[in-house]
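Take a look at the letters that make up each chain.
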Amino acid sequence: MPRNPVVLTLFALPATLIFLLFFLGPFIYFVVMSFWSVSLFRLSRDFTLVNYLDVYREYGYSVAFTFAIALLIAVIATLLAFGFAYLIRFRAGRLGPTLLFVTLITMFGGYLVKIYAWRTILGTTGILNTGLIELGIIDEPVSWLLYNPGAVVATLTHFLLPFAVLPLYGSLRGISDAQLAAARDLGARPLRMLIDIVLPQCQPGILVAFMLTFFIAAGDYVTPRLVGGTATAMAGNFVENQFITALNAPQSSALAVAILAVSAGTVLLLRAVMRRTLAVR
Amino acid sequence: MTASAATAVASRPQADRPPLVRLRGLTKSYGSMVAVKPLDLDIQSGDFYALLGPSGCGKTTLLRMIGGFTEPTAGTVEIDGVDVTRMGPERRPTNMVFQGYGLFPHMTVRQNIAYGLKLAKLPAAEVETRVKEIIGLVRLEQLAERRPDGLSGGQAQRVALARALVMRPRVLLLDEPLAALDLQLRKAMQEELRRIHRSIGGTFVFVTHDQGEAMALANRIAVMDAGACVQEGGPEEIYGAPRTRFISTFIGEANVLPGRRQGGRVTLEAGGSFADAGADEAVVVVVRPEAMALGGNLPQGAVKLTGRLADSVFLGPYVRYRVELPGGGEIILHSQDFALRHRLAVDDTVEVGWTTDVQRVLADR
Ligand SMILES: Nc1ncnc2c1ncn2[C@@H]1O[C@H](COP(=O)(O)OP(=O)(O)O)[C@@H](O)[C@H]1O
Ligand SMILES: [Mg+2]
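These numbers were taken from a predicted model, which means no experiment stands behind them. (Residues numbered from 1 in each chain as written. Chains lettered and ligands numbered in written order. Predicted model: local features only at pLDDT ≥ 70, side-chain atom pairs only at ≥ 80, totals over all residues. Heavy atoms only, no water.)

Asker: Can you walk me through the overall build of chain B in this structure?
Answerer: On a plain count of helices and strands, chain B comes out with 10 helices and 20 strands. In terms of its C-alpha atoms, chain B occupies a principal-axis envelope of roughly 75 × 45 × 40 Å. For chain B, the residues scored as buried account for 50% of the 365 residues in total. Summarising the internal contacts of chain B: among those between residues at least 6 apart in sequence, 64% fall at separations of at least 24. Here chain B displays about 16,200 Å² of accessible surface, and carbon together with sulfur accounts for 49% of that area. Computed over 43 positive and 41 negative side-chain charges, the separation of the two mean positions in chain B equals 5 Å. (Helix = DSSP H or I, 4+ residues; strand = E, 2+ residues; numbered from the N terminus. Buried < 20%, exposed > 50% of the residue type's maximum accessible area, 1.4 Å probe, protein only. Contact = heavy atoms within 4.5 Å. Areas by Shrake-Rupley, 256 points an atom, 1.4 Å probe, with all protein chains shown as cover. Lys, Arg positive; Asp, Glu negative; His and termini not counted. Charge placed at Lys NZ, Arg CZ, Asp CG, Glu CD.)

Pasting the structure below:
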């Protein structure tokens, strides 16, 4: 690595510019805009909290619902991914790299492909219904498999799993076999070993896995539309609606900022709880 | 090596006491690969015991079977009269210092050392006194609140040692404890280990591929080769009376001279012969460099060979000579007759020899 500060700055410049230009800039713009209002399809640059009041009054339920469903997805995906990453690191032996490679491959499988795969599985003419009829368990195809929150959870968890596996595997790789053998030698049973040795060293990985899955799930609006049905309107759908159909950018900005704030708060809370419970005593 | 062999603890506990560790027919195979062949071994209480052998000979596998980390394919491990063969490491009265140490990076030195005692649910006050005591023993007082990534290799090694010792194991197992340290530190840590072993009077079993280290530390050595224990004994015994050609060259330096025994007389390929009872067969004669004599120093009745002096090096405590024999072999010789060196020049024809009481005659297999 070059040591020269000028060279280092030059190296960091493109990424920094992209980050400022395409992420931080628009983000600040949306935050500012969330305090503006729209009258007669024109932006008026005043300062008002009415958008946030509306978030609370009109979309409160939707934000809470989104939060709950994203939390559920993030928790399930992180837990499953932890088990899978643990298997790859400590149990799979020489099969480990292959499993990891397969995980990576499924990430390239694409987002819509997975959505349609789940529609194929859960639909009225889908694999599950056909199978159940074949087995004689049901006479008629059931329609409630698809178009409900459960289908959203299944689809998004499936899609997000590899995103969670990678950071978890990364942090598990830092734990040597000798550490686990030493813990066992000192009298630690498997559960104690997990709590005292493995999890504390996995905190960054857990946090990143949770964050990735939670943020993506909370912001998604395609999956709920395609497999969620009418009862599953997540906040992302309203953001999209307000932006594109109602042309009320300030309102949708406020909604987006609210979701972001709740999400960030959740992640910070998780971090604090982990630090406390996994602290060495 | 001769010097360190003399400093090793020579006292051997009475053999009529039951051994602390008793291995019987202990075997480990991985598929068709036999890592440890059926092996019997007794380790007495108070021993500083070395498992010595070249890389890949099965030392670690054997140590892990004693500690309970590797399940034997056959045979038994008995510690203190109890058959522990089917017990995991958490239930055995052993603790291990691992190669690479395996310190917990998220814990301080003190927390690392206290971990096992806390798991055992000892009262906090006792944990504190025992940790303090052991930290004093391994001299880590200044570093107790540091984390492992802020430690040097030697310091990390002492933490690993303390973490195992604080559990007061009946047997402490160490896998290549000093291999990761540089030479100077290794010498210092050897002394440290001897001091710790003396002061707590426990039983240590360690694995090493370094014969000098085995000599320097152990009062008892098992030499392993290709999964088998080829000789077991005190360091003086193994150095002075190696049972095979492999051991004689693996432990210390040795001249190995091929020859043949015929009708109670051995004749060397390089010339020279002596009376030796035994079957007619190919043999090798093993003589240590310091047991050889040169030129005018040859004792009465010595076996003698003639060769060309190829090299002489003054090494401080002794002079090292290399003599090339006519048949293509050579002899290494250490002499403390410093005056002799000035009377000899390279390329001189010289006589080397030894008395039969310092040689070992081994069947050449
Ligand atoms: N888990 C294992 N699976 C297969 N072979 C192994 C395993 N552990 C050790 N071995 C083999 O057993 C032999 C002895 O290994 P080891 O006991 O580690 O030797 P050493 O410690 O003397 O260098 C080696 O050939 C090694 O490759
Ligand atoms: Mg080894």
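Asker: What's the story with the overall build of chain A in this structure? I'm lost.
Answerer: On a plain count of helices and strands, chain A comes out with 12 helices and two strands. What you see in chain A, going N to C, is helices and strands ordered as α-β-β-α-α-α-α-α-α-α-α-α-α-α. Projected onto the principal axes, the alpha-carbon positions of chain A cover approximately 75 × 70 × 40 Å. When the accessible surface of chain A is summed, it comes to about 15,900 Å², and 72% of that surface belongs to carbon and sulfur atoms. Once the 18 positive and 11 negative side-chain charges of chain A are each reduced to a mean point, those two points are 16 Å apart.

Asker: Would you mind going over the interface of chain B and chain A with me for this structure?
Answerer: Interface extent is often summarised as the accessible area lost during association of the parts. On the chain A side, the residues contacting the 22 residues of chain B number 18 residues. Buried area between chain B and chain A, summed over both chains or domains, comes out near 1,800 Å², and the portion from carbon and sulfur atoms is 64%. Across the chain B-chain A interface, the total number found is one salt bridge. Between chain B and chain A we count five residue pairs in polar contact (both at pLDDT 80 or more) in total. Secondary structure elements with two or more residues in the side of chain B that touches chain A: strand E6 (94-97) and helix H3 (109-119) of chain B. The element that contributes the greatest number of residues to the side of chain B that touches chain A is H3(B), accounting for five residues. Of the residues belonging to the side of chain B that touches chain A, the class tally is 11 nonpolar, eight polar and three charged. (Buried area = accessible area lost by both parts, 1.4 Å probe. Salt bridge = Lys/Arg side-chain N within 4 Å of Asp/Glu carboxyl O. Polar contact = N/O pair within 3.5 Å; in protein donor to acceptor, adjacent residues only side chain to side chain. Nonpolar A, V, L, I, M, F, W, Y, C, P; charged D, E, K, R; others polar.)

Asker: Hey, could you run me through the confidence of the model for chain A in this one?
Answerer: Regions with low pLDDT carry predicted coordinates that are not meant to be interpreted in detail. With 99% of its residues at a pLDDT of at least 70, chain A reaches an overall mean of 88. Looking across chain A, the model is least confident in helix H11 (residues 235-245) of chain A, with a mean pLDDT of 78, and most confident in helix H8 (residues 177-185) of chain A, with 95. (pLDDT = per-residue confidence, 0-100.)

Asker: Is there a simple way to think about the domain arrangement of chain B in this case?
Answerer: Residue and element names in this part refer to chain B. Split into domains, chain B comes out as domain 1 (8-93 + 169-247) and domain 2 (253-363). Here domain 1 packs against domain 2, burying approximately 660 Å² in sum over the two surfaces, 52% of which is carbon and sulfur. Among the residues domain 1 hides against domain 2, the three largest losses belong to Tyr-239, Pro-242 and Arg-245. Together they make up 73% of the total. Applying the counting criterion to the domain 1 and domain 2 interface returns zero salt bridges. Linking domain 1 to domain 2 there are three residue pairs in polar contact (both at pLDDT 80 or more). Ranked by residues supplied to the side of domain 1 that touches domain 2, first place goes to helix H8 (residues 235-240) with three residues. Its residues assigned to classes, the side of domain 1 that touches domain 2 shows four nonpolar, two polar and two charged. (Domains from an automatic or database assignment.)

Asker: Got a minute to help me understand the pairing of strand E14 (residues 281-287) of chain B in this structure?
Answerer: In regular strands, side chains alternate between the two faces of the sheet. Residues and elements named next belong to chain B. Counting buried positions along E14 yields five of seven residues, so the element is predominantly enclosed. Both strand E11 (residues 255-262) and E14 contribute to a ladder of seven bridges, which runs antiparallel. Along E14, the bridge assignment pairs Leu-257 with Val-285. As judged from the four bridges shared by E14 and strand E20 (residues 360-363), these two strands associate in the antiparallel manner. Its bridge partner being in E20, Val-286 is matched across the sheet by Arg-360. (Pairing = 2+ DSSP bridges.)

Asker: Help me understand the nonpolar core, please; the structure alone is not making it clear to me.
Answerer: One broad rule of soluble globular proteins: the nonpolar side chains tend to lie buried together. Leu62(B) and Ile113(B) are the most contacted members of the largest nonpolar core, which has 146 residues in total. Considering every element that reaches this core, the biggest residue donor is helix H9 (residues 190-219) of chain A, with 12 residues. When sequence neighbours within four positions are dropped, the list of residues in contact with Leu62(B) reads Leu23(B), Leu26(B), Val36(B), Leu39(B), Leu41(B), Leu51(B) and Met224(B). If you look at the next biggest cluster of nonpolar residues, it comprises 22 residues, including Leu268(B), Met292(B), Val319(B) and Val323(B). (Core = buried A, V, L, I, M, F, W, Y, C linked by side-chain atoms within 4.5 Å.)

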